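# A structural walkthrough
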Amino acid sequence: MIVRVGVVGFRGYSGAELVAILSRHPKVEPWLLEHRSDAGEKPRPKGSKSPPTIPCTAEAVRAEKLALVFLATPPEVSMELAPAMLGAKAKVVDLSGAFRLKTAENYAAWYKEQHTQAELLARAAYGLPEFYREEIKRADLVANPGCYPTAASLAIRPLVESGAADRAAGIICDAKSGVSGAGRKPSLKTSFCEVTENFSAYSILGHRHVPEVLMNCGLEESELSFVAHLLPLDRGILETVYCRLRSGWDEAALTRAYDERYAGEPFVRLYEPGHVPDLRAVRHTNFCDIGLKVDAGSGRAVVVAAIDNLVKGAAGQAVQNMNLLLGYPETEGLL
């Protein structure tokens, strides 16, 4: 039986990617939910068979029997819409940062805005399947992770979980993203003339995605230095993690820790020791590719993780979460 699912925010980069993936999914039918009163008609080629469009209301969701709704919307819009969608008995996968953090105080500290649906924070499962698969299956509200924290958490958590990293020496995450990570809304800093032939750091030590990494990896803020950079590319995230290993750890032992942590994970690909991924390897895929290298003399370790920020970092991971919520094979529509 084909199940109907709705997409709010289908005009944005993540929303459009989501509709494209869902349109190829063998078990769901995407419906477009229009929440903007000033949107106007979306241009379509002649003969196009676009998904049906309905108003983004609880009544419409209930009437059309949508099993799940994706919110590819800004946090404040997600806070407004999530209660109505849940009230219509639809499961919700939110692609914004609205429900990723566990307290309203933490949200206000990092997002510089007040949270208007604080009671939903404890209800939301954090949607990184490699770490929280069972919680996601039981949830009706899933907070899809940020793109930076997806790659960073998958790269860093085995270092901490295994006890390999010398946390007192600190962990550095040097993160780089394509411009689509900033969303479709025009701004000076993401315009063509500002980005092309350029490379820049931003939100130094204060990026709003940092608390997700801390939460997933069990780190204190003082133990992690995270700096985001803007690449003159349309998509892709590459993160290079630096740390020192504790006594007794070498490249072989660290490789075993990653192999054991991600054994059987369908969307994490590990490289042979000494080899690392690049962006081309993950473009338009839902994979996170990870490689590492250790300097035996100094005990320095470097871990490199690469994802497509619009797929594993957003829409693809959202579909991965949908598959878990609706009882489908986790890889359905993604491989």
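Please refer to the structure placed before this passage.
## Concerning the overall build of the protein
A tally of helices and strands in the protein yields ten helices and 14 strands. In terms of overall dimensions, the protein is globule-like: its C-alpha atoms have a radius of gyration of 20 Å, near the 20 Å expected for 335 residues. Put simply, the protein has 335 residues, and 55% of those count as buried. For the protein, the proportion of contacts with a sequence separation of at least 24, taken over those separated by at least 6, is 69%. As presented, the protein carries roughly 15,100 Å² of accessible surface, and 52% of it is formed by carbon and sulfur atoms. Within the protein, one finds 38 positive and 40 negative side-chain charges whose respective centroids are separated by 5 Å.

## Describing the pairing of strand β4 (residues 68–71)
Residues of β4 alternate between two faces, with Leu68 and Phe70 on one and Val69 and Leu71 on the opposite face, all of them buried. Both strand β1 (residues 3–8) and β4 contribute to a ladder of four bridges, which runs parallel. Bridge pairing in β4 links Val8 to Leu71. Regarding the hand of the β-α-β motif, the stretch spanning β4, helix α3 (residues 75–87) and strand β5 (residues 91–94) is right-handed.

## Details of the packing of helix α1 (residues 13–24) against helix α10 (residues 311–326)
Where α1 contacts α10, the two axes come as close as 9 Å, and the packing angle between them is 45 degrees. As judged from the angle between their axes, α1 and α10 are oblique. The chirality of how α1 crosses α10 is right-handed. Between α1, through Ser14, Glu17, Leu18, Ile21 and Leu22, and α10, the contact on the second element is made entirely by Val311, Ala314, Ala315, Gly316, Ala318, Val319 and Met322.

## Re the sheet that holds strand β12 (residues 268–270)
Strand order across the open sheet formed by seven strands is β9-β10-β8-β11-β14-β13-β12, with mixed pairing between neighbours. A strand with exactly one partner marks an edge of an open sheet, and here the two such strands are β9 (200–202) and β12. If you compare each strand with its neighbour and ignore which way they point, the axes differ by 25 degrees on average. Two elements, strand β11 (residues 237–244) and strand β14 (residues 300–307), share eight bridges in a ladder whose sense is antiparallel. Counted as the bridge partner of Leu238 is Ala306 from β14.

## A closer look at the sheet that holds β1
Strand pairing in a sheet is mediated by backbone hydrogen bonds. Such pairs are either parallel or antiparallel. Taken in spatial order, the seven strands line up as β3-β2-β1-β4-β5-β7-β6 in an open sheet, and their pairing is parallel. Looking at strand neighbours, the two that pair on one side only are β3 (53–55) and β6 (125–126), the edges of this open sheet.

## Here we look at the packing of aromatic side chains
Scanning the model with the defined rule gives five aromatic pairs in all. Measuring from centroid to centroid gives 5.8 Å for Tyr126 and Tyr132, while their planes differ by 85 degrees, and the two rings are edge-to-face. Across the pair, Tyr132 and Tyr126 agree in class, each one buried. Ring centres 6.2 Å apart and planes at 90 degrees place the aromatic pair Phe131 and Tyr132 in the edge-to-face group. Of the residues examined, Tyr132 reaches a relative accessible area of 17% and is grouped as buried. Three or more aromatic residues joined by ring pairs form one cluster here, namely Tyr126, Phe131 and Tyr132. Above the ring of Phe131, the side-chain terminus of Arg157 is found at 4.1 Å from the ring centroid.

## Description of the environment of Pro277
Inspection of the secondary structure puts Pro277 in the loop between β12 and β13 (288–295). Residues Pro277 and Ser78 lie 199 residues apart in sequence; the distance between their C-alpha atoms is 34 Å. Those residues in contact with Pro277 that sit more than four places away from it in its chain are Leu238, Tyr271, Asp289, Ile290, Gly291, Val304 and Ala306.

## Description of the nonpolar core
Counting residues in hydrophobic clusters, the biggest one holds 103 residues, and the most contacted among them are Phe70, Phe99 and Ile156. Broken down by element, this core gets its largest block of residues, nine residues, from helix α6 (residues 147–161). When near neighbours in sequence (up to four residues on either side) are disregarded, Ile156 contacts Ile171, Cys173, Val213, Cys217, Leu219, Leu224 and Val241. Core analysis: the second largest hydrophobic core is formed by six residues, Leu231, Leu279, Val282 and Val304 among them.

## Topic: the packing of α6 against helix α8 (residues 210–217)
Pairs of packed helices are described in terms of their axes, by the angle between the two and the distance that separates them. Relative to each other, α6 and α8 sit at 30 degrees, their axes nearing to 9 Å. Looking at the two axes, α6 sits roughly parallel to α8. Handedness of the crossing formed by α6 with α8: right-handed. The residues of α8 that touch α6, namely those facing Pro149, Ala152, Ser153, Ile156, Arg157 and Val160, are Glu212, Val213, Asn216 and Cys217. By residue class, the composition of the contact of α6 with α8 is six nonpolar, two polar and two charged.

## Considering the state of the cysteines
By the definition in use, this model includes zero disulfides. Here Cys147 stays free of any disulfide, with the sulfur of Cys173 as its closest cysteine sulfur at 12 Å. Cys147 sits in the buried class, given a relative accessible area of 11%.

Analysis parameters
Residues numbered from 1 in each chain as written. Predicted model: local features only at pLDDT ≥ 70, side-chain atom pairs only at ≥ 80, totals over all residues. Heavy atoms only, no water. Helix = DSSP H or I, 4+ residues; strand = E, 2+ residues; numbered from the N terminus. Rg over C-alpha atoms; globule rule 2.2 N^0.38 Å. Buried < 20%, exposed > 50% of the residue type's maximum accessible area, 1.4 Å probe, protein only. Contact = heavy atoms within 4.5 Å. Areas by Shrake-Rupley, 256 points an atom, 1.4 Å probe, with all protein chains shown as cover. Lys, Arg positive; Asp, Glu negative; His and termini not counted. Charge placed at Lys NZ, Arg CZ, Asp CG, Glu CD. Pairing = 2+ DSSP bridges. Right-handed = clockwise from strand over helix to strand, strands pointing away. Axes fitted to C-alpha atoms, helices over the stretch in contact; angles between N-to-C directions. Parallel < 35°, antiparallel > 145°, perpendicular 65-115°, else oblique. Left-handed = near helix turned anticlockwise from the far one by under 90°. Phe/Tyr/Trp six-rings, centres within 6.5 Å; stacked < 30°, edge-to-face > 60°. Lys NZ or Arg CZ within 6 Å of the ring centre and 35° of its normal. Core = buried A, V, L, I, M, F, W, Y, C linked by side-chain atoms within 4.5 Å. Nonpolar A, V, L, I, M, F, W, Y, C, P; charged D, E, K, R; others polar. Disulfide = S-S within 2.5 Å.

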